[in-house]
Amino acid sequence: ARAVEGYPSLVVHGPLQALLMAELARRRAARPALCWFDYRLVAPLLEGQGLAVSATELASETRLAVRDAAGRRTATATIRPAQSPESASAPITSW
């Protein structure tokens, strides 16, 4: 990442951020066993920038985010029951 893409330090692996969001939701939320997990990486998270995962519980879904120590969002996710009417394809994650 540093030599090819020009980042000043190592980049935190995006799927690791997704895993951390999913794990927080698994520990906190009372969701059904089969859920949708959609995530998006929105900015690079670099080594030494800090990492905080947060979750907001709504009636029909859980919204999650990863932020660096400055509060900049680097990843977002939504978890909702697989039976949700807006679901268009098969669920990708089960707990």
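Our subject is the structure that appears above.
Residues numbered from 1 in each chain as written. Predicted model: local features only at pLDDT ≥ 70, side-chain atom pairs only at ≥ 80, totals over all residues. Heavy atoms only, no water.

J.: Which residues make up the nonpolar core, and what are the values?
T.: Looking at soluble globular proteins, one finds that nonpolar side chains tend to be buried together. Membership of the largest hydrophobic core comes to 13 residues, with the highest contact counts inside it found for Met21, Phe37, Leu64, Val66, Ala77 and Ile79. Sort the elements by how many residues they give to this core and helix H2 (residues 14-28) lands first, with four residues. (Core = buried A, V, L, I, M, F, W, Y, C linked by side-chain atoms within 4.5 Å. Buried < 20%, exposed > 50% of the residue type's maximum accessible area, 1.4 Å probe, protein only. Helix = DSSP H or I, 4+ residues; strand = E, 2+ residues; numbered from the N terminus.)

J.: Quick one: what's the story with the environment of Leu51, residue by residue and with numbers?
T.: Relative to the elements of secondary structure, Leu51 occurs in the loop between strand S1 (34-41) and strand S2 (52-57). Judged by relative accessible area, Leu51 falls into the partly exposed class, the value being 40%. Those residues in contact with Leu51 that lie beyond four places of it in its chain are Leu20, Leu45, Val66 and Arg67. (Contact = heavy atoms within 4.5 Å.)

J.: Kindly report on the pattern of salt bridges, identifying the contributing residues and their values.
T.: Scanning the entire structure with this criterion turns up five salt bridges. For the salt bridge of Arg72 with Asp68, the shortest nitrogen-to-oxygen distance reads 3.0 Å. The exposure class assigned to Arg72 is partly exposed, which follows from its relative accessible area of 31%. The network of salt bridges with shared partners includes Glu23, Arg26 and Arg27. (Salt bridge = Lys/Arg side-chain N within 4 Å of Asp/Glu carboxyl O.)

J.: Requested: an account of H2, with residues and values cited.
T.: Given a rise of 1.5 Å per residue, 15 residues ought to cover 21 Å, and the 22 Å separating the end C-alpha atoms of H2 matches this to within 8%. Looking at H2, one finds that the buried residues are Gly14, Gln17, Ala18, Met21, Ala22 and Ala25. Viewed along the axis of H2, the buried residues span an arc of 135°, placing them on a single side of the element. Projecting away from the buried face of H2 at angles above 90 degrees are the exposed residues Leu19 and Arg27. Residues of H2 that are buried sit in contact with S1, S2, strand S3 (62-67) and strand S4 (73-81). (Expected span 1.5 Å × (residues − 1). Arc of directions from axis to C-beta.)

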